[in-house]
Amino acid sequence: MREVRLAAAGEIERQKEIWKRCFGDSGLYIDDFYLNRYHPDHTMLLLQDGVIAAMLTMLPVSILTAAGRRTEGAMLYAIATHPDHQNRGIGRQLVESAHQHLRDCGLAFSLLVPAYEELGDFYRPLGYRAAFPLREIYVKRNDLYMLPAAPKSTCLITPISPAEYNRRRELLLAGHPHVSYALQDIVIQQNLARLSGQDIYGISLHGFEGCAVVEKGLGRHLFIKELLMAEEMIPETIEHLRQLSLGQSTTVRMPAFYGEGCGGAVRPLGMIKLMAETGLDIADLDSAYLGLAFD
């Protein structure tokens, strides 16, 4: 017999087990999430014969339009079915139950970021469509990014608090449709970056202020998961950020609206499903920036 419901006390360890089995994340990150972001009312479970077989979390997020109108929704995150229960329709039933819960709560949309591209085929029949374009740039180890020589200017790159990061983020994205996060989400992202050996940073260059989420990947590869800065400062900023990993190969994600002059390729980062009539128009949905996916 199947039962779908919100989480209750005493069920965290089973959830952590499923998370670890499905995603392979470090115990430190999983523990940090449950310490700083977990809430039973934002966690939906599917039980098979009284045993938790699948889980997902529903992180409250907002989409701000270019005009500054706010629409409330949720990010479905850590959608996982225990390997012993996969391929039985459990994941689909759990996601559909989450949709109904979000409607009952009066939320207007659900968004998610598939763990890999092929999962889009699972979510499209559930009403999701590709959304949240970003620009992604890859710079090889010995290449310079659009600069004739290494920058000589002074660039201040310092770790900053989640509150300061969110302040800069909202300021730099003002006037563009984008997903807005709670402070706790930025805390989670900072801890994720720190686990890799990097951090969230404030950037000061030529009188401009920016911010970046930086993680270190395999082989000292530098992953700049979000870069927000005045567009004309981006090439020089990237070269300075690359010094955090001694100029190793670097992947950079930034808003697609920064323009073709930045190079790279534009692709959707996530998917969205509208749950109700909203003030969001097609232009907002087609261009909204997501940025942080805690992937």
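Note: the structure precedes this text.
Small disclaimer: the values here were computed from a predicted structure and weren't measured.

**With respect to the nonpolar core**
- Membership of the largest hydrophobic core comes to 68 residues, with the highest contact counts inside it found for Trp19, Phe132, Tyr181, Leu227, Ile234, Met254 and Phe294.
- When near neighbours in sequence (up to four residues on either side) are disregarded, Tyr181 contacts Val61, Met75, Asn166, Arg169, Glu170, Ile186, Leu290, Leu292 and Phe294.
- With 19 residues, the next largest nonpolar core counts Ala54, Ala74, Leu76 and Tyr123 among its residues.

**Here we look at the packing of helix α2 (residues 27-36) against helix α6 (residues 183-196)**
- Taken N-terminus to C-terminus, the directions of α2 and α6 make an angle of 160°; their axes are 10 Å apart at the nearest point. Relative to α6, α2 is oriented roughly antiparallel. In this structure, the crossing between α2 and α6 has a hand that is right-handed. Only Gln184, Val187, Ile188, Asn191, Leu192 and Leu195 of α6 make contact with α2, whose side of the interface consists of Leu28, Tyr29, Asp32, Phe33 and Asn36.
- Residue classes in the contact of α2 with α6 are distributed as 7 nonpolar, 3 polar and 1 charged.

**Focus on the packing of helix α5 (residues 162-173) against α6**
- Here α5 crosses α6 at 110°, and the two axes come no closer than 9 Å. Considering the angle they form, α5 stands roughly perpendicular to α6. Between α5 and α6 lies a crossing of right-handed hand. On α6, the residues that touch Pro162, Ala163, Tyr165 and Asn166 of α5 are Leu183, Ile186, Val187 and Gln190.

**Some details on the pattern of salt bridges**
- If you walk through the whole model with that rule in mind, you get 20 salt bridges.
- A salt bridge links Asp295 to Arg253; the shortest N-O distance between them is 3.3 Å. Remark: Arg253 occurs in strand β12 (residues 250-255) and Asp295 occurs in the segment after α8 (282-287); sequence separation between them is 42 residues.
- Judged by relative accessible area, Asp295 falls into the partly exposed class, the value being 43%.
- If you follow the salt bridges from partner to partner, you end up with Glu136, Glu215, Lys225, Arg253, Arg267 and Asp295 in one network.

**Things to note about unusual backbone geometry**
- With phi around 65°, Asn87 is a residue other than glycine that occupies positive phi space.
- With respect to the helices and strands, Asn87 occurs in the loop between β4 (70-81) and α3 (90-104).
- For Asn87, a relative accessible area of 82% puts it in the exposed group.
- Of note, His206 is a non-glycine position whose phi angle comes to about 55°, a positive value.
- Here His206 shows up in the loop between β9 (200-205) and β10 (208-216).
- Residue His206 is classed as partly exposed on the basis of its relative accessible area of 46%.

**Regarding the pairing of β9**
- Burial of β9 is extensive: 5 of the 6 residues sit out of reach of the surface.
- Pairing analysis gives 5 bridges linking strand β7 (residues 155-159) to β9, with the strands arranged antiparallel. From the neighbouring strand, Thr158 faces β9, where its bridge partner is Gly202.
- Both β9 and β10 contribute to a ladder of 6 bridges, which runs antiparallel. From the neighbouring strand, Leu205 faces β10, where its bridge partner is Phe208.
- If you look at the hairpin formed by β9 and β10, you'll find 2 residues sitting between the two strands, and His206 has a positive phi there, around 55°.

About the thresholds
- Residues numbered from 1 in each chain as written.
- Predicted model: local features only at pLDDT ≥ 70, side-chain atom pairs only at ≥ 80, totals over all residues.
- Heavy atoms only, no water.
- Core = buried A, V, L, I, M, F, W, Y, C linked by side-chain atoms within 4.5 Å.
- Buried < 20%, exposed > 50% of the residue type's maximum accessible area, 1.4 Å probe, protein only.
- Contact = heavy atoms within 4.5 Å.
- Axes fitted to C-alpha atoms, helices over the stretch in contact; angles between N-to-C directions.
- Helix = DSSP H or I, 4+ residues; strand = E, 2+ residues; numbered from the N terminus.
- Parallel < 35°, antiparallel > 145°, perpendicular 65-115°, else oblique.
- Left-handed = near helix turned anticlockwise from the far one by under 90°.
- Nonpolar A, V, L, I, M, F, W, Y, C, P; charged D, E, K, R; others polar.
- Salt bridge = Lys/Arg side-chain N within 4 Å of Asp/Glu carboxyl O.
- Pairing = 2+ DSSP bridges.

In short, the description is geometric, and any link to function would need to be established separately.
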